[in-house]
Amino acid sequence: MIKKNRPKISTQFEINAIVFYANMILLLPLILVVTYLFEIDKFLNINEFMFWILIFNFVSLVTGTIVLALNRDRLRRKVKVTYRNEFFYLVFLFVFGLLGFVVLYDFMGGDRAYIANILVVLFAGLLYLAILLGRKYFNLYYINKR
């Protein structure tokens, strides 16, 4: 008899798609963290810089989607029980993406008094998303013991 509530094993294609699109969504905030860290914004017009990053991001998104689509059949045949390294990379992206959204808020002229509020809301949302993705696709259960 087959158990009904056994974990779903995700394919490499699903995991690569999740990580790639998370990279593309968080690319601008990640670059802004580096820009803020090394004070590159003092030498550049930050709005023009972000415009060119968004164009690069769009081109990368289209190219990556085409590459994922071309490799779909090969990647769907690859499976692992857990994708621990990919999950930790995704958490790393979320953490620096969180900082990047705060830097973006600061660059856009937001009031610095509200940065803590933004951090808390974004942290809660990204933590929930990481736990949800970890359970559903990466087969990692950090809250419940199995």
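Our subject is the structure that appears above.
Rules behind the numbers
- Residues numbered from 1 in each chain as written.
- Predicted model: local features only at pLDDT ≥ 70, side-chain atom pairs only at ≥ 80, totals over all residues.
- Heavy atoms only, no water.
- Helix = DSSP H or I, 4+ residues; strand = E, 2+ residues; numbered from the N terminus.
- Buried < 20%, exposed > 50% of the residue type's maximum accessible area, 1.4 Å probe, protein only.
- Phe/Tyr/Trp six-rings, centres within 6.5 Å; stacked < 30°, edge-to-face > 60°.
- Axes fitted to C-alpha atoms, helices over the stretch in contact; angles between N-to-C directions.
- Parallel < 35°, antiparallel > 145°, perpendicular 65-115°, else oblique.
- Left-handed = near helix turned anticlockwise from the far one by under 90°.
- Contact = heavy atoms within 4.5 Å.
- Nonpolar A, V, L, I, M, F, W, Y, C, P; charged D, E, K, R; others polar.
- Patch = residues over 30% accessible without salt bridge, like charges linked within 9 Å, V, L, I, M, F, W, Y side chains within 5 Å.
- Areas by Shrake-Rupley, 256 points an atom, 1.4 Å probe, with all protein chains shown as cover.
- Salt bridge = Lys/Arg side-chain N within 4 Å of Asp/Glu carboxyl O.
- 1 Å grid on protein atoms, 1.4 Å probe; cavity = no way out; pocket = protein on both sides within 12 Å on 5 of 7 lines; lining within 4 Å.
- Points joined across faces, edges and corners; volume = space filled by probe spheres on them.

S.K.: Can you walk me through the environment of Ala17 in this structure?
M.R.: Note on placement: Ala17 falls in helix 1 (residues 12-37). Classification of Ala17 by relative accessible area gives buried; the value is 15%. Separated by 53 residues in the primary sequence, Ala17 and Leu70 have C-alpha atoms spaced 12 Å apart.

S.K.: I tried to follow the packing of aromatic side chains on my own but got confused; where do I start?
M.R.: Aromatic ring pairs are defined here through the distance separating the ring centres and the angle between the ring planes. Enumeration over the complete set of coordinates arrives at 6 aromatic pairs. Among the aromatic residues, those joined into a cluster by ring pairs are Phe87, Phe88 and Phe138.

S.K.: Please clarify how the packing of helix 1 against helix 2 (residues 46-70) should be interpreted in this entry.
M.R.: Axes are the key here: two packed helices are described by the angle between their axes and the distance separating the axes. Where helix 1 meets helix 2, the closest approach of the two axes is 10 Å, and the angle between their N-to-C directions is 170 degrees. One finds that helix 1 runs roughly antiparallel with respect to helix 2. For the pair helix 1 and helix 2, the crossing hand works out as right-handed. Of the residues in helix 2, those in contact with Phe13, Asn16, Ala17, Phe20, Tyr21, Met24, Leu27, Leu28, Ile31, Leu32 and Thr35 of helix 1 are Ile46, Phe49, Met50, Ile53, Leu54, Phe56, Asn57, Ser60, Leu61, Gly64, Thr65 and Leu68. Split by residue class, the contact of helix 1 with helix 2 holds 17 nonpolar, 6 polar and no charged.

S.K.: What exactly am I supposed to notice about a nonpolar patch on the surface here?
M.R.: A contiguous nonpolar surface patch, about 830 Å² in accessible area, is contributed by Phe51, Trp52, Ile55, Phe58, Val59, Val62, Ile66 and Leu70. By the secondary structure assignment, Phe51 is in helix 2.

S.K.: Explanation requested: unusual backbone geometry in the structure shown.
M.R.: The general pattern is negative phi for most residues beyond glycine and trans for most peptide bonds. Positive phi, close to 55 degrees, is recorded for Glu39, a residue that is not glycine. One can find Glu39 in the loop between helix 1 and helix 2. Even without glycine at this site, Asn139 takes up a positive phi of about 55 degrees. Of note, Asn139 is situated in the segment after helix 5 (115-136). Overall, Asn139 belongs to the buried group, its relative accessible area being 10%.

S.K.: What am I meant to see in the layout of surface pockets here?
M.R.: One simple way to see leftover space: roll a probe sized like a water molecule over the atoms. The volume enclosed by the second largest pocket comes to roughly 160 Å³. Every element with two or more residues in the lining of the second largest pocket is listed here: helix 4 (84-107) and helix 5. Here the lining of the second largest pocket gets 5 residues from one element, more than from any other, and that element is helix 5. Its residues assigned to classes, the lining of the second largest pocket comprises 9 nonpolar, no polar and no charged.

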